[in-house]
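# Close look at the chain arrangement
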Amino acid sequence: MATSPFRYFISLFLLLLCFEACLRVGDAKDGCRERERQALLHFKQGVVDDYGVLSSWGNGEDKRDCCKWTGVECNNQTGHVIRLDLHDQSLGGILPTQLGNLSNLQSLDLGYNWDMTCGNLDWLSHLPSLTHLDLRWVSLSKAIHWPQAINKMPSLTELYLSGTQLPPIIPTISISHINSSTSLAVLHLSSNGLTSSIYPWLFNFSSSLVHLDLSWNDLNGSIPDAFGDMTTLAHLDLYSSHLNGSIPDAFGNMTTLAYLHLSRNELRGSIPDAFGDMTTLAYLDLSRNKLHGSIPDAFGDITTLAYLDLFWNELRGSIPDAFGNMTTLAYLDLSLNQLEVINLWKKLELLEKKVLFMFAQTIQREV
């Protein structure tokens, strides 16, 4: 029986697929892709490497396979560079934009190279598969359009930009309406001097963020209620960010939050009862603020709490009986307040405590 044209076409198509696959495997066996090897060599030529960290990178016959170079990881099947990790290697100079040619890169870590700078981040848009980016303490002071660059990274899940001297966001209508990555889960922006102008861009990620660090910034002003819309957040650090006003009741909506650090701000008012709704909270630090009023009974509803620091506020009244419900509490600091300690140890006798700190300055009156 004669072979039909359709069967002939299918056979030819499958043969071409097998031929292409064989070529790919052969290329991978020979090492990394030439285009990507050249991109890495451009990177080496552009940075300052006083300690010879990149000495394994070169054109010699014994160095042609860039998959064997220091800090480089390739896909075993395709030979594409998928990971570049050169964190804390004392590299300096201007970060070459040729890294954008590593189009299959999934993880890039250049953090803690203190003398490295980067003029712009536009090249990041050529890395559609990048999920992890760490540029901590690399100077980005000239990367004016850094928010737009981040918004063009559809796969990004972890972003570490602490201490990068990020330029302030220029308020524009477009910033808050750009289609941001909905996959971003971890965001570190500490020690950048950021102001409240970060909020419109930041709240684009309300439905995806799990870990957010905004500590050591200049946010100046009250905490926006919009934080309460971050219902997937488990870790929030706003330490020493020049915040004032009261703690919003909207925090009670953050029912997945396990870690909250608000220490060293200028927060005033009373501690909201809404904390009682945060039933997954394990770490709470409200120390070194100007909070007043009494400690709410609602704390007794946070049965997961292991660390509670209310040090150096203006709290008054007695310690609630409900403290006895916090059976997981391991660290407690109520010192430098104006609390009345009435039958304190009876209230805490149910605690299965490993470490319990109570400082004498707390005690105004023992009954």
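If you're wondering where the values come from, they're calculated on a predicted model, not measured in any experiment.

## A few points about the state of the cysteines
What the rule picks out here adds up to 2 disulfides. Between the sulfur atoms of Cys32 and its disulfide mate Cys66 the distance is 1.9 Å. Of this pair, Cys32 sits in the loop between helix 1 (5-29) and helix 2 (34-46) while Cys66 is found in the loop between strand 1 (47-48) and strand 2 (72-74), placing the two residues 34 residues apart along the sequence. Taken as a pair, Cys32 and Cys66 share a single burial class, namely buried. Each disulfide of the protein joins two cysteines, and with those cysteines numbered along the sequence the arrangement is 1-2, 3-4.

## Quick word on the packing of aromatic side chains
Between two aromatic rings, the relevant description is the distance of the centres plus the angle of the planes. Summed over all chains, the structure comprises 15 aromatic pairs. The interplanar angle of 70 degrees and the centroid separation of 5.3 Å between the aromatic rings of Trp216 and Tyr239 together place this pair among those described as edge-to-face. You can see Trp216 sitting in the loop between strand 10 (211-213) and strand 11 (235-237) and its partner Tyr239 sitting in the loop between strand 11 and strand 12 (244-245), a full 23 residues away along the chain. An angle of 10 degrees between the planes, with centres 4.2 Å apart, marks the rings of Tyr283 and Tyr307 as stacked. Of the two residues, Tyr283 sits in strand 15 (residues 283-285) while Tyr307 sits in strand 17 (residues 307-309), which places them 24 residues apart along the sequence. In textbook terms, an aromatic cluster arises when at least three aromatic residues are bridged by ring pairs, as seen for Tyr259, Tyr283, Tyr307 and Tyr331.

## Some remarks on the side chain of Asp237
Residue placement: Asp237 occurs in strand 11. We note that Asp237 is buried and unpaired, the nearest opposite charge coming from Arg264 at a distance of 11 Å.

## Observations regarding the nonpolar core
Side chains of nonpolar character tend, in soluble globular proteins, to be buried together. Phe43, Leu202, Phe227, Phe275 and Phe299 are the most contacted members of the largest nonpolar core, which totals 93 residues. For this core, the elements supplying multiple residues, two or more each, are helix 2, strand 2, strand 3 (81-85), helix 3 (146-151) and helix 4 (199-202).

## Topic: the sheet that holds strand 4 (residues 92-94)
On the basis of which strands lie adjacent, the open sheet formed by 3 strands has the order 1-4-6 and mixed pairing. With partners counted over all chains shown, the strands left at the sheet margins are strand 1 and strand 6 (115-117), one partner each.

## Here we look at unusual backbone geometry
Note: most residues except glycine have negative phi, and most peptide bonds are trans. The phi torsion at His242 lies on the positive side, around 60 degrees, for a residue other than glycine. Note on placement: His242 falls in the loop between strand 11 and strand 12. Taking relative accessible area as the criterion, His242 reaches 43% and is therefore assigned partly exposed. Residue Arg264 is not a glycine yet carries a positive backbone phi of 60 degrees. In this structure, Arg264 sits in the loop between strand 13 (259-261) and strand 14 (266-267). Exposure remark for Arg264: the relative accessible area of 39% places this residue in the partly exposed category.

## A few points about the sheet that holds strand 5 (residues 107-109)
Pairing is mixed across the open sheet formed by 12 strands, whose spatial order is 2-3-5-7-8-9-10-11-13-15-17-19. The strands lining the two open edges of the sheet, one partner per strand, are strand 2 and strand 19 (331-333). Adjacent strand axes in the sheet meet at a mean angle of 10 degrees, parallel and antiparallel pairs treated alike. Bridging between strand 17 and strand 19 involves 3 bridges; their strand directions are parallel. By the bridge assignment for strand 19, Asp309 is matched with Asp333.

## Structural notes on the pattern of salt bridges
Evaluation of the coordinates by the stated rule reveals 6 salt bridges. The partner of Arg83 in a salt bridge is Glu73, with the nearest N and O atoms 3.9 Å apart. Taken together, the positions of Arg83 in strand 3 and Glu73 in strand 2 put the pair 10 residues apart, joining distant regions of the chain. We classify Arg83 as partly exposed; its relative accessible area is 36%.

Here is what the cut-offs are and how they apply
- Residues numbered from 1 in each chain as written.
- Predicted model: local features only at pLDDT ≥ 70, side-chain atom pairs only at ≥ 80, totals over all residues.
- Heavy atoms only, no water.
- Disulfide = S-S within 2.5 Å.
- Helix = DSSP H or I, 4+ residues; strand = E, 2+ residues; numbered from the N terminus.
- Buried < 20%, exposed > 50% of the residue type's maximum accessible area, 1.4 Å probe, protein only.
- Phe/Tyr/Trp six-rings, centres within 6.5 Å; stacked < 30°, edge-to-face > 60°.
- Lys, Arg positive; Asp, Glu negative; His and termini not counted.
- Salt bridge = Lys/Arg side-chain N within 4 Å of Asp/Glu carboxyl O.
- Core = buried A, V, L, I, M, F, W, Y, C linked by side-chain atoms within 4.5 Å.
- Pairing = 2+ DSSP bridges.
- Axes fitted to C-alpha atoms, helices over the stretch in contact; angles between N-to-C directions.

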